Each structure stands twice: as structure tokens, then as C-alpha cells.
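Secondary and tertiary structure notes
Below, each chain spelled out in residue letters.
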Amino acid sequence: MTIDEHQDWLVDFYKGRDWYHFSPMNRLVFLSEEIGELSRAVRTIELNGRDHPGDKVLTTDERMNNLKEELADCFDQLLIVSSQYGIRYSDLSNYSENKLKERFKTK
């Protein structure tokens, strides 16, 4: 599945659950929550475990699965916001590549 296909699937999934109607501003709140969870996942990996004594110690596989989950959650929120503005992921990736190539031209 391409990322554009995933974006289409995700929009249908959200619409089917009546989640798509939340505004881009609301989506940014959801994204902020997900970024916090992503930060915790990265901290858990970098510190080789959580730093709160009451937290369960996770295996390496559990930590990596959690990282993937949180990265995907952040990515999906971005795809939904993009969709709400009529922007395809492929447009974003092309824009990013062109911007970076132009900004950091080699001499």
C-alpha cells in the first residue's frame, strides 16, 4: 500500500467512525497528545526503560513496538489534517524534497 492509498483508507476509516469532522485545530490538539506519547516512547528507549519506579519494565521489542505505534499515530493525524485541506501525502513529500534541494544546493 502506498502512503497516498493509506491516506485514502484512513480518511474512509475516520469517516466511518464519525471522527473526520473534527476541525484541523482539534486535530492539532490530538497531534499534541500523540507527540507527548511519542516523546515518552523515545525517552523509554533512550533511558533503557521508564524513569518512574511504578512503571513496568518493557522488553526491547515492546519498546520498539510502542515507538512504531506512536510514530504511526502522529503520522496519521498529519495525514488527516492534510486531507482536510485537500493535500495528498505525495504532494507533501515532493514539496519537502524540492524545498530541501533548493535550500541546500551544492556549489
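Reading guide: rules and limits
- Positions within a chain are numbered from 1, following the residues in the order the chain's sequence is written.
- This being a predicted model, a pLDDT of at least 70 is required before a residue's local features are given, and a value of 80 or more before pairs of side-chain atoms are given or counted; all residues contribute to the totals for chains, interfaces and linings.
- Neither water nor hydrogens contribute to the side-chain values; these are computed over all heavy atoms in the structure.
- The salt bridge definition used is simple: a Lys or Arg side-chain nitrogen within 4 Å of an Asp or Glu carboxyl oxygen.
- Each helix is a run of DSSP H or I of at least 4 residues and each strand a run of E of at least 2, with the numbering of both proceeding from the N terminus.
- Categorising residues by exposure relies on relative accessible area from a 1.4 Å probe, with only protein chains included: less than 20% of the type maximum marks a residue as buried, more than 50% marks it as exposed, and the intermediate range marks it as partly exposed.
- Within this analysis, patches are made of residues with over 30% relative accessible area and no salt bridge. Like charges are joined at 9 Å or less; nonpolar side chains (Val, Leu, Ile, Met, Phe, Trp, Tyr) at 5 Å or less.
- Note on areas: Shrake-Rupley, 1.4 Å probe, and residue coverage restricted to the protein chains presented here.
- The set of buried Ala, Val, Leu, Ile, Met, Phe, Trp, Tyr and Cys residues whose side-chain atoms join them within 4.5 Å is what this entry labels a nonpolar core.
- We call two residues in contact when some of their heavy atoms are within 4.5 Å.
- Two aromatic rings from Phe, Tyr or Trp, using only the six-membered ring of Trp, form a pair when their centres are within 6.5 Å; if the ring planes differ by under 30 degrees the pair is stacked, by over 60 it is edge-to-face, and anything between is tilted.
- Only Lys NZ and Arg CZ are tested; either one counts as a charge over a ring when it is within 6 Å of the ring centre and within 35 degrees of the ring normal.
- One less than the residue count of a helix, multiplied by 1.5 Å, gives the span that helix is expected to have.
- Throughout, the arc means that of the directions going from the helix axis to the C-beta atoms.

1. Let's talk about the pattern of salt bridges
According to the stated counting rule, one finds three salt bridges in the structure shown. For Arg 88, the salt bridge identified is with Asp 8, shortest N-O distance 2.6 Å. Of the two residues, Arg 88 is situated in the loop between helix H3 (60-84) and helix H4 (89-103) and Asp 8 in helix H1 (residues 3-16); the sequence distance between them amounts to 80 residues. Of the residues examined, Asp 8 reaches a relative accessible area of 38% and is grouped as partly exposed.

2. Notes on a nonpolar patch on the surface
A contiguous nonpolar surface patch, about 290 Å² in accessible area, is contributed by Tyr 85, Ile 87 and Leu 92. Among the secondary structure elements, Tyr 85 is positioned in the loop between H3 and H4.

3. A closer look at the nonpolar core
Of all hydrophobic cores here, the largest spans six residues; its members are Leu 10, Val 11, Tyr 14, Tyr 20, Leu 79 and Ile 80. Those elements that place two or more of their residues in this core are H1 and H3. Among residues more than four places away in sequence, those in contact with Tyr 14 are Trp 19, Tyr 20, Arg 27, Gln 77 and Ile 80. Counting residues in hydrophobic clusters, the runner-up holds five residues, among them Leu 31, Leu 38, Ala 41 and Cys 74.

4. Regarding the packing of aromatic side chains
Scanning all chains against the criterion turns up six aromatic pairs. Seen from their ring centres, Tyr 14 and Trp 19 are 5.3 Å apart, and the 90° between their planes marks the pair as edge-to-face. Look at Trp 19 and you get partly exposed, because its relative accessible area is 37%. The side chain of Lys 15 reaches across the aromatic face of Tyr 20, ending 4.9 Å from its centre.

5. Some details on H1
Given 3.6 residues per helical turn, the α-helix brings residues three or four places apart onto the same face. For H1, built from 14 residues, the straight-helix expectation of 20 Å at 1.5 Å per residue is met to within 8% by its first-to-last C-alpha distance of 20 Å. Within the sequence span of H1, burial applies to Asp 4, His 6, Gln 7, Leu 10, Val 11 and Tyr 14. Take H1 and look down its axis: the buried residues cluster within an arc of 150°, on one side only. Those residues of H1 that are exposed and angled more than 90 degrees off the buried face are Asp 12 and Gly 16. The inward-facing, buried residues of H1 contact helix H2 (24-46), H3 and H4. Following H1 by one or two positions, Asp 18 adopts a phi angle in the positive range, close to 60°.

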